[in-house]
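Each chain, letter by letter, is given below.
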2 protein chains.
Amino acid sequence: MSQMQNVERQLREMILGLEIGPGERLTERWIESRFGASRTPVRAALLRLETEGLIGRDGRGWTVAPINLAELGQIAVYREAVEVAAVRLTAALEDRGGVDVIAAMLDSCDAETPREEWHRVGMDFHIELARLSGNEFLLRAVRDAMTRLSRARWLEVRDEKALGRAWAEHHAILAAARAGDADEAARLLSAHIAGSRDRLVTSLHDDRRGLRARGFAVVE
Amino acid sequence: MSQMQNVERQLREMILGLEIGPGERLTERWIESRFGASRTPVRAALLRLETEGLIGRDGRGWTVAPINLAELGQIAVYREAVEVAAVRLTAALEDRGGVDVIAAMLDSCDAETPREEWHRVGMDFHIELARLSGNEFLLRAVRDAMTRLSRARWLEVRDEKALGRAWAEHHAILAAARAGDADEAARLLSAHIAGSRDRLVTSLHDDRRGLRARGFAVVE
DNA sequence: GATACCAGCTTGGTATACCAAAACGGTATC
DNA sequence: GATACCGTTTTGGTATACCAAGCTGGTATC
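Residues numbered from 1 in each chain as written. Chains lettered and ligands numbered in written order. Predicted model: local features only at pLDDT ≥ 70, side-chain atom pairs only at ≥ 80, totals over all residues. Heavy atoms only, no water.

1. Let's talk about the sheet that holds strand S3 (residues 61-64) of chain B
Residue and element names in this part refer to chain B.
- Ordered in space as S1-S3-S2, the three strands form an open sheet in which the pairing is antiparallel. Strands at the two margins of the open sheet, each flanked by one partner only, are strand S1 (25-26) and strand S2 (55-58).
- Here S2 runs beside S3; their pairing, made up of four bridges, is antiparallel. Following the sheet pairing, Asp58 is matched in S3 by Gly61. (Pairing = 2+ DSSP bridges. Helix = DSSP H or I, 4+ residues; strand = E, 2+ residues; numbered from the N terminus.)

Below you can see the structure in the form of structure tokens.
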């Protein structure tokens, strides 16, 4: 694997894992010494992460993207557009066997499963559902949206009940898609995305002081 | 303006203007000498154009993205999802004055207007309509899609009648949006995108031999 | 004549040196 | 004590040298 991919992957993981906090400044020299790569692959990695929206430019320098509550609302609208389109395509497929694979993925989580795994499966549900549509652009759109949401979802304070509700909603969406009921799947998915957004924004808004106390930049 | 932005902009224009043909190979050294910049900004520009889908990797090297007919179909589905969402938001706005600005832009084209300008306005219509929605993600999605479609639309053989029809359809969509009729605007926009796709794919498919004779890679 | 192999060249990947601009810090002045 | 100014340091932008992998063309061998 090339140094560029190496740096890109590790840096992305550090950002998504909040090892580098939202709003933190990055210097190419620090990354260079941190990962043992020279500035050329470091710069390449930064350029890629910039297009993913995980980092941005602050004047001449680089900054880890802050948590942006307004952006979360816009992403929800975007997600609804592309995910609903994807699930409608999936529900119209001849062979909807892929739905069962996703259901099995959901069922691999139980009370013993670590929170990290729930987090990953919750995102992969949406990504894999988009993949079933067979449309590369819808898939990429969902993947990008989930990447941007990842940190916010990780910071969300979710109780046991909320996890169970999301799990049930996911299964209901799959059931409608499996049955070929595009309208019902679309309706359920829209409601699911809107509900997720509401809980997410409310949770982060209520907790914004705590987040800032941890050194995280939060934009409202 | 930095060398990177310089190279990126010029290279993009050369690719979109078909001065560098679809499928053509690119070497960093050629670009370096062609634009008088060193490899560092050249590589940065290539990385950005790669994320735009205008160039891709061919093993170790770089290749201008071929014209891909299957991709055109997928983009149409993607466009429909995001553009319909955008126009619905726009139709629901309190202040829909921006619609008239777009209408004026359409009306700036007449029989004397060069084809290049029609091409640009035809794309900007969709981009500006998405901008009115106020959603950054929908806007970016439409802009990206139009960038990817740009070369194909330029290669399409369009008669006077087709241009007039597109112009009329654009105005009808604006009228519905201005009236706040989201359903009608969505219906018209969906039909417009589907019709555009059909004409585009048919035209390029019929002309694929001619395109290949010009040295353009065409994937079906 | 075909094929296997080798040398040279091309090319992307990487490291690094140099530069200008901006940020920082300290000092002198009011 | 505040502020304006200047030198130092830091930082991103750029150019370039070097490397390894892969391609090319030619040659030698069968």
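2. Re the protein's contact with DNA strand C
- Taken together, 20 residues lie around DNA strand C, and Gln3, Ser38 and Thr40 of chain A together with Arg29 and Arg43 of chain B are the ones closest in.
- What you see for DNA strand C is that sugar and phosphate hold 46% of its atoms within 4 Å of the protein.
- In this structure, Arg60 of chain B approaches DNA strand C through a side-chain N or O atom, which is 2.8 Å from a base oxygen.
- Those elements that place two or more of their residues in the surface near DNA strand C are helix H1 (3-16) and helix H3 (39-51) of chain A together with helix H2 (28-35), helix H3 (39-51) and S3 of chain B.
- When residues in the surface near DNA strand C are grouped by element, the largest group, three residues, is from H3 of chain A.
- Its residues placed into classes, the surface near DNA strand C shows five nonpolar, six polar and nine charged. (Near = heavy atom within 4 Å. Polar contact = N/O pair within 3.5 Å; in protein donor to acceptor, adjacent residues only side chain to side chain. Nonpolar A, V, L, I, M, F, W, Y, C, P; charged D, E, K, R; others polar.)

3. A short note on the sheet that holds strand S3 (residues 61-64) of chain A
Residues and elements named next belong to chain A.
- Judged by pairing direction, the sheet is antiparallel, and its three strands sit side by side in the order S1-S3-S2 without closing on themselves. Of all the strands in the sheet, the pair left with one neighbour each is strand S1 (25-26) and strand S2 (55-58).
- Sheet analysis places S1 next to S3, joined by two bridges and oriented antiparallel. Each residue of the ladder has a partner; that of Arg25, found in S3, is Thr63.

4. Things to note about the side chain of His170 of chain A
Residue and element names in this part refer to chain A.
- Secondary-structure assignment places His170 in helix H8 (residues 160-178).
- Among the polar contacts listed, one links the side chain of His170 to the side chain of His192, at a separation of 3.0 Å.
- Setting aside residues up to four positions removed in sequence, His170 forms contacts with Leu106, Gly122, Phe125, His126 and His192. (Contact = heavy atoms within 4.5 Å.)

5. Topic: the interface of chain A and chain B
- Contact with chain A, which involves 23 residues of that partner, is made by 23 residues of chain B.
- Taking both partners together, chain A and chain B bury about 2,000 Å²; carbon and sulfur atoms supply 65% of that area.
- Its largest share of buried area at the contact with chain B, chain A owes to Gln74, Tyr78 and Phe137 of chain A, together 32% of the area lost on that side.
- Our count for the chain A to chain B interface comes out at two salt bridges.
- Two residues, Glu50 of chain B and Arg48 of chain A, come together in a salt bridge whose shortest N-O distance is 3.3 Å.
- Linking chain A to chain B there are nine residue pairs in polar contact (both at pLDDT 80 or more).
- Among the secondary structure elements, those contributing two or more residues to the side of chain A that touches chain B are H3, helix H4 (69-91) and helix H7 (136-155) of chain A.
- Per-element tally for the side of chain A that touches chain B: the top contributor is H4 of chain A, with nine residues.
- Among the residues making up the side of chain A that touches chain B, the classes are represented as 13 nonpolar, four polar and six charged. (Buried area = accessible area lost by both parts, 1.4 Å probe. Salt bridge = Lys/Arg side-chain N within 4 Å of Asp/Glu carboxyl O.)

6. Here we look at the environment of Leu89 of chain A
- Among the secondary structure elements, Leu89 of chain A is positioned in helix H4.
- Along the primary structure Leu89 of chain A and Leu132 of chain A are separated by 43 residues, whereas in three dimensions their C-alpha atoms are 8.4 Å apart.
- Those residues in contact with Leu89 of chain A that lie beyond four places of it in its chain are Ser133, Asn135 and Leu138 of chain A together with Val77 of chain B.

7. A short note on the packing of aromatic side chains
- Under the counting rule described, the total for this entry stands at two aromatic pairs over all chains.
- Over the ring of Trp62 of chain A we find Arg57 of chain A; its NZ or CZ atom is 3.8 Å from the centre of that ring.
- Positioned over the ring face of Phe137 of chain B is Arg140 of chain B, at 5.5 Å from the centre of the ring. (Phe/Tyr/Trp six-rings, centres within 6.5 Å; stacked < 30°, edge-to-face > 60°. Lys NZ or Arg CZ within 6 Å of the ring centre and 35° of its normal.)

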